[in-house]
Amino acid sequence: MGLKEEFEEHAEKVKTLTTKPSDEDLLILYGLFKQATVGPVTTSRPGMFSMKERAKWDAWKAVEAKSADEAMSDYITKVKQLMEAAAST
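Conventions used here
- Residues numbered from 1 in each chain as written.
- Predicted model: local features only at pLDDT ≥ 70, side-chain atom pairs only at ≥ 80, totals over all residues.
- Heavy atoms only, no water.
- Axes fitted to C-alpha atoms, helices over the stretch in contact; angles between N-to-C directions.
- Helix = DSSP H or I, 4+ residues; strand = E, 2+ residues; numbered from the N terminus.
- Left-handed = near helix turned anticlockwise from the far one by under 90°.
- Contact = heavy atoms within 4.5 Å.
- Nonpolar A, V, L, I, M, F, W, Y, C, P; charged D, E, K, R; others polar.
- Core = buried A, V, L, I, M, F, W, Y, C linked by side-chain atoms within 4.5 Å.
- Buried < 20%, exposed > 50% of the residue type's maximum accessible area, 1.4 Å probe, protein only.
- Phe/Tyr/Trp six-rings, centres within 6.5 Å; stacked < 30°, edge-to-face > 60°.

Observations regarding the packing of helix 1 (residues 3–13) against helix 4 (residues 68–87)
Pairs of packed helices are described in terms of their axes, by the angle between the two and the distance that separates them.
Thinking step 1. In contact at an axis separation of 9 Å, helix 1 and helix 4 are set at 40° when each is read in the N-to-C sense. Like other packed secondary-structure pairs, helix 1 and helix 4 cross with a definite hand, here left-handed. Counted together, Leu-3, Lys-4, Glu-6, Phe-7, His-10, Ala-11 and Lys-13 of helix 1 and Asp-69, Met-72, Ser-73, Tyr-75, Ile-76, Val-79, Lys-80 and Met-83 of helix 4 form the full contact between these two elements.
Thinking step 2. Residues of the contact of helix 1 with helix 4, tallied by class, amount to eight nonpolar, two polar and five charged.

Next up, the structure:
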C-alpha cells in the first residue's frame, strides 16, 4: 500500500474514533491534512473575530515547511496515536 492510499485510509479511520480528539489534536490533524492535500497556505490570515478559522489557519501555517509526503506520514502517525489512546480508555 502506498503512502497516499494509507493516508486516505487513515483520513477515514479518524472519523470512526469513539472519543472526540482534543481541540489541539484536531488542529494538528487539520493542518497536516491541508498541507498534504493542498500544500502551503495561500490565503491571508483570517481576522481576529473569526477565531475558529484563525486557529485552523495557524495550524496549517505551522506545518507549511513540510512536504506533502511528510505531512501525510505525520498525519498517519497522529491518527494511529489517537486510535491507540481511544482503545486504551
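Observations concerning the nonpolar core
Thinking step 1. Phe-7, Val-14, Leu-29 and Tyr-75 are the most contacted members of the largest nonpolar core, which totals 15 residues.
Thinking step 2. When contributions to this core are tallied by element, the ones reaching two or more residues are helix 1, helix 2 (23–37) and helix 4.
Thinking step 3. A total of seven residues in this core trace back to one element, the largest contributor, which is helix 4.
Thinking step 4. Every residue in contact with Val-14, bar those within four places of it in the chain, is listed here: Leu-29, Tyr-75 and Val-79.

Looking at the packing of aromatic side chains
Note on aromatic pairs: each is described by the distance of the centres and the angle between the planes.
Thinking step 1. Going through the model one piece at a time under the given rule, you end up with three aromatic pairs.
Thinking step 2. An angle of 25° between the planes, with centres 5.5 Å apart, marks the rings of Phe-7 and Phe-33 as stacked. Taken as a pair, Phe-7 in helix 1 and Phe-33 in helix 2 lie far apart in primary sequence, 26 residues in all.
Thinking step 3. An aromatic cluster of three or more residues is present, and its members are Phe-7, Phe-33 and Tyr-75.

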